[in-house]
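# Analysis of the macromolecular model
One-letter residues, chain by chain:
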Amino acid sequence: MKLLTRFLLTGVIVILYTFSSAQNGYFIKGKVLLSSSLLAEGATVTIFNSSDSTIIKSIACDKLGNFGFSGIKRGSYIFSAKKIGYRKFYSNPYLVNSNITIKDITLVPEINTLNEVSVTGKRNYIEVQPNKTVLNVDRSVLAAGNSVFDILATAPGVRIIQNGIYIRGGQKALIAINGKSIGQLNDEQLADLLKSYQSSMISQIEIITNPPARYDAAGGGVINIILKKSKDYGFKANITESAAGGQDYKFNTGINLNYRTKDFNFFGSYNFAYSKTPRVLDIDRTIDTSKLNENYKSTSFLKNNGFNGGIDYNITPKQTIGGLVFGYDNLLGIDKGNITNILNNSVLDSNIITKSHINRSIANLNYNFNYRGSFGKNDKTTLGTDFDYSTYRRYSSELLDNDFLNVDGSTYRDPLFYMDNSPSQINVRSEKIDFTQALSATGSLSVGMKNNQVNSNNNIEFGQRSDATLTFTPVPSLTDHFIYNERINAAYLGYSDKYNKTNVSVSFRGEQTNSYAESLNPNKTILRSYFDLFPNLEITQPANKDNILIFDYNRRIVRPNYQDLNPFVSYIDQYSYSTGNTLLKPEYYTTFQVTDMFKDKYKLDLSVAIVNNFFARIYEQNDTTKVFLTTMANIATRYEYNAEFTMPVNITKWWNADIYLLASYQQFDYFDHNVGNISTTDFEMRILQSFTLSPTVKAELYTDWESPTYYGINHYSSAFQSRAGVSKVILNGNGSIKLAVSDIFNSEDYRYTSQYTNLNLTGFEKTGSRFVTATFTYKFGKQSVKTSVKHNSGDSDEQKRLGGSNNEN
């Protein structure tokens, strides 16, 4: 606690030491020219906040091409310039701490020639900003032909542990699409869902470590996936085809369409993917003089249809209404085989062989209706509303055969035949309203409210076949009906202002949660009602012309996903089961962070996080029956101390690298005093190297190394992976071909051990990851660089908690 107090006081002192009298802002001027040295009369220049791409002001150039902005606060900004018939220009970030004149901007005619492939102001794949990191997906060679899940596996600051997605060392991330959470899925379900969204559908991915109070308080931070949508007038489209071979295969085809007029904007995309993926899981357990070696292999066949579409209508130049629908429809087949070897005194005694096949269909539909408007002089008042409705339907059936064999292959008991059907239906509805009012040139007030309701209905019918009648008789202990209803009412209040050179933003979000859970077997009902307050503070202080210091404090919550509350028992074999936990409680994050942004591109983050009611997947073992049960439980208070460094390096004009370094110290104080306290260190290095070999040829090499570490109840071995790719622009800049190799050394796996409570366990997991992928992209219609409108729609935590699964159990 002393260390935490010193850390907090140091951060506050560093931030606040330069407070003095207020000022009115700075004046920025410049000139826009055409490539022919003509003056760009009437060209539009826009200034953006480089931290979140929000528009500050727009202005038209005078007859001489001059422009000027007054009253600009100290900070980092990007400028754009556009004129009909010319390519849009984006500047590099400018740090404004005095009156400045930016470099002359020269616009290039919009002509499709190979010489114009390199566009001035084109953004890099990774953009590091003070409060978030942005991935411009279509700028990456390695992202082509891959899913969002694959892209996140290489994103700076993101970690994937056994399909769980974490940021800032080890905090569970809230995943959103266009600001809308995709449901409270468990780790396997979330991974399968993100594999349904291909890179061709994605514009950007934002990694936000300290989201403001208008976001749901769920998760240690937000990963926001922004679907493609353009603001160009006219028609625009692109198609993508990719095929991959290696450890089985992957195919996908996609199309993105956009048509915009003065008042309307129509947009949509569709992607079809088909894949065959192997998976291996080996778990070895030692119980006194006995050993159980579980060897699991499966092959998944996935057909995915992913789509999104919408319309925006400009009621007035400052008011827009819109509708959006997105989702997916999956068909999944899984062939599973599991062999459990039972040894006594290191001598093989017998085997249990389990074979099964799963047929599963999953459909998710999300509807959003929204309104955005700004009012008053200089748009000092803004209002936004959202209505969201989501449906999730899962139908799953499985047939299992169990054979019990002696060492010589003879049977020592009759085989068992099981069948289970497990349909699931979840509906989510939410409404929210956000209001912002400028109170002065630098100060603003924001308020908002949200209502969210979830209804989940789940069944499992588990039957055993009778040898006499060849019919399936229900197994009472494995048959159940689970109902879960939840309502969250939330409201927030925020204020931000500038004092001298210091920006201060403070907000409070309150959430009232009421839930009802009922399991019919056993007959159990759980009612919960609790209120939480989530404060958020951010102080930004320029220390000098090169350094901006930021202090963050926030409190957040991670609620259990619906399926982790579901008490259904999933059968693997006679000795291995998995189940949910209706008594699982939310975990709470309290985070303090100090950031130093140096020259608007080098970023150092120092953070401390305390996680109360930390929950994780655990294994419970009965030493007498040798039955092994996997479930979720609140097990500890976790302390996390992180240092993260992000650094772009320009080695030569054609060779640059993005380097991410993490050093972490974590301590787990377990509730079970027999386990005690466990501490661990973690070091990670990620390097993405980019090579511009010619105006039309680019290559990338990605490497990732992580030291041995500990998380939850497992000790993990060190990990290493590498990927490489090359791309070439063809067809006069309208097409591209890309070739990439993932997991070059076939080293992406999880190797772990656990001595938690009475366990003595060794595990190995690997999913097919080494593929050679070829991708072709062709774009047609009007193509230019534009900033997309982002709809941050309503139900932001609850969609992430939706149940249902593509996972194998």
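Before reading on, note that the structure itself is shown above.
Parameters and conventions
Residues numbered from 1 in each chain as written. Predicted model: local features only at pLDDT ≥ 70, side-chain atom pairs only at ≥ 80, totals over all residues. Heavy atoms only, no water. Helix = DSSP H or I, 4+ residues; strand = E, 2+ residues; numbered from the N terminus. Buried < 20%, exposed > 50% of the residue type's maximum accessible area, 1.4 Å probe, protein only. Contact = heavy atoms within 4.5 Å. Areas by Shrake-Rupley, 256 points an atom, 1.4 Å probe, with all protein chains shown as cover. Pairing = 2+ DSSP bridges. Phe/Tyr/Trp six-rings, centres within 6.5 Å; stacked < 30°, edge-to-face > 60°. Lys NZ or Arg CZ within 6 Å of the ring centre and 35° of its normal.

### Quick look at the overall build of the protein chain
What the protein chain contains, in helices and strands, is four helices and 47 strands. Expressed as a percentage of its 809 residues, the buried residues of the protein chain come to 54%. In the protein chain, once contacts between residues fewer than 6 apart in sequence are set aside, the share between residues at least 24 apart is 67%. For the protein chain, the computed accessible surface area is about 33200 Å², with 57% contributed by carbon and sulfur atoms.

### Some words on the pairing of strand 34 (residues 576–579)
Residues Ser 576 and Ser 578 line one face of strand 34 and the alternating positions Tyr 577 and Thr 579 line the opposite face, and both faces are buried. For strand 33 (residues 569–573) and strand 34, the ladder comprises four bridges, and the chain directions are antiparallel. Paired with Tyr 571 across the strands is Tyr 577, a residue of strand 34. Strand direction decides the pairing type here: strand 34 and strand 37 (residues 628–650), joined by three bridges, are parallel. Considered in strand 37, the bridge of Tyr 577 is made with Leu 629.

### Looking at the side chain of Asn 338
Tracing the chain through its elements places Asn 338 in strand 22 (residues 319–344). For Asn 338, a relative accessible area of 3% translates into the label buried. What Asn 338 contacts, discounting residues up to four positions off in sequence, is Glu 294, Asn 295, Tyr 296, Ile 352, Ile 353, Thr 354 and Asp 573.

### Some remarks on the packing of aromatic side chains
Within this structure, the stated rule accounts for 33 aromatic pairs. Ring geometry for Tyr 484 against Tyr 562: centres 5.6 Å apart, planes inclined by 40°, an arrangement best described as tilted. Placement of the pair is Tyr 484 in strand 29 (residues 480–499) and Tyr 562 in helix 4 (residues 562–565), with a sequence separation of 78 residues. For the pair Tyr 484 and Tyr 562, one class covers both residues: buried. Through a chain of ring-to-ring contacts, three or more aromatic side chains come together here, namely Tyr 166, Phe 614, Phe 668, Tyr 670, Tyr 710, Tyr 711 and Tyr 756. Sitting over the ring of Phe 771, Lys 250 keeps its end group 4.6 Å from the ring centre. Directly above the aromatic system of Phe 404 lies the positively charged group of Arg 413, at a separation of 4.5 Å from the ring centroid.

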